[in-house]
Amino acid sequence: MVFLEINNLNLIFTVVGDVNQSIYKWNNASPEYLLSFVKNYKFKEFRIFKNHRCHSSIYKYANKFLGLSEEDVEDEKKIFKIKLNDNNKSRYEKLDEIIEKIINSHKVEKNKIAVISRLNSAIEMYSRNTKNQHKIYLDDPLDKIGCKISLFCSDLIKYKFSKRISLYEIYQRNNIIKNKIGLVDFKNTFKDLREIEDSEKICIKLQDFLESLYLKEDIEPILAAFRTILNDKNFIKFYKPEDNNDIQMLNIHKSKGLEFKVVIHIGLEDKSFPLVMKLESGWGVKDIQEEKNLHYVALTRAEKICLLVSMSKRVNSSFAELETAPSEFFNIDSLTEYIRDLGER
């Protein structure tokens, strides 16, 4: 490992990470390298349990959930849970009312509120049924490829449609590009990207650039995905800045690294979270620790308020609605005094 080799040179350096936010094992990302530092006698470990972003009651609940530390119970709780059914009115209408109440009572801007779920299907179903103006972030063709080049291409689309990212930032965070071309040449290649209106000209520019790097990867599927996004208005709107009146809707994986004043964590139903899937040995949860880490990430996206929502029906990948019980993450006896239960509506 590079870090271990650096250490052998007697250089002092710092490695920062959080194994409790390891949620990408499916993409061959593992916390084992980070953990190896902890086990190495040449490294000194410093643990940080306090989260300065979240309200104290939220991070204490999250820490207690993962068993990271024993936490005092907060008198003022900003983490809540509620069960929603379809009695009298739909559960989605009830959720709309709850969000409206939060907006009015806490003076929160809509674009600072996120509805987060383990599964895209739960978010998509709410998107279809809510009356709230919103922006939903779903996996597009480049996301589904999920390699370093496709991530770079996603960054280029973000640059094209949003001024929140610069070519310098794209260059610095994409080592696969950084190792092949200098910053000046890179910026000169794409400096006119925002002015080009013809999507095919953009695709040709990208193709010429990638071919000039002589990459080992097969770029044809990536170029096809890139072209699909540029020619689809629904995909393009994911890359444009949100309106101030847009509630944000996204899955937990997409929420990592982000923060919101209010998080509405939906999809907390049995079999949906932790996710039950078909395994070689039968139906079960593939990696319970990663499922717990996902829940931890969702909880800690919230700065001021976190609301856990379990509904009387879950939504599967085919968008069928099935009667269900709450998730095991929703009802945890040891956490009862750390959360305010709003009952069932």
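As a reminder, the structure under discussion sits directly above these lines.
All of the points below concern the structure found in this document.

What counts and what doesn't
Residues numbered from 1 in each chain as written. Predicted model: local features only at pLDDT ≥ 70, side-chain atom pairs only at ≥ 80, totals over all residues. Heavy atoms only, no water. Helix = DSSP H or I, 4+ residues; strand = E, 2+ residues; numbered from the N terminus. Buried < 20%, exposed > 50% of the residue type's maximum accessible area, 1.4 Å probe, protein only. Areas by Shrake-Rupley, 256 points an atom, 1.4 Å probe, with all protein chains shown as cover. Salt bridge = Lys/Arg side-chain N within 4 Å of Asp/Glu carboxyl O. Axes fitted to C-alpha atoms, helices over the stretch in contact; angles between N-to-C directions. Parallel < 35°, antiparallel > 145°, perpendicular 65-115°, else oblique. Left-handed = near helix turned anticlockwise from the far one by under 90°. Contact = heavy atoms within 4.5 Å. Nonpolar A, V, L, I, M, F, W, Y, C, P; charged D, E, K, R; others polar. Pairing = 2+ DSSP bridges. Expected span 1.5 Å × (residues − 1). Arc of directions from axis to C-beta. Polar contact = N/O pair within 3.5 Å; in protein donor to acceptor, adjacent residues only side chain to side chain.

Some remarks on the overall build of the protein chain
- Along its length, the protein chain carries 15 helices and 11 strands.
- For the protein chain, with 345 residues in total, the buried portion stands at 46%.
- As displayed, the protein chain has an accessible area near 19,000 Å², and 48% of this comes from carbon and sulfur atoms.

A few points about the pattern of salt bridges
- Applying the stated criterion across every chain, the model contains 18 salt bridges.
- Note that K78 is salt-bridged to E76, the shortest N-O span being 3.5 Å.
- Taking the relative accessible area as the measure of exposure, E76 reaches 48% and is therefore partly exposed.

Details of the packing of helix α7 (residues 148-161) against helix α12 (residues 220-230)
- Direction vectors running N to C along α7 and α12 enclose 25°, while the axes themselves pass 10 Å from each other. Taken together, α7 and α12 sit at an angle that is classed as roughly parallel. Along this stretch, α7 crosses α12, giving a crossing that reads as right-handed. Contacts from I149, S150, C153, I157 and F161 of α7 reach α12 at I222, F226, I229 and L230.
- Here the residues of the contact of α7 with α12 sort into eight nonpolar, one polar and no charged.

Quick word on the pairing of strand β5 (residues 260-265)
- With respect to burial, β5 is a largely interior element, five of its six residues being buried.
- Examined bridge by bridge, strand β2 (residues 113-117) and β5 share four bridges and lie parallel to one another. Directly across from V115, in β5, lies its bridge partner I264.
- As defined by bridge partners, β5 adjoins strand β8 (residues 302-311) across five bridges and the pair is classed as parallel. Paired with I264 across the strands is L307, a residue of β8.

Topic: helix α11 (residues 199-212)
- Over its 14 residues, α11 extends 20 Å from the first C-alpha to the last, a length consistent with the 20 Å expected when each residue adds 1.5 Å.
- The set of residues buried in α11 consists of S199, I202, C203, L206, F209 and L210. Buried residues of α11, viewed axially, fall in a sector of 130°; they line one side.
- The distance from a side-chain oxygen at the start of α11 to the backbone nitrogen of E200 is 2.9 Å, and the residue carrying that oxygen is D198.
- The positive-phi residue at the C-terminal boundary of α11 is Y214, with phi of around 50°.

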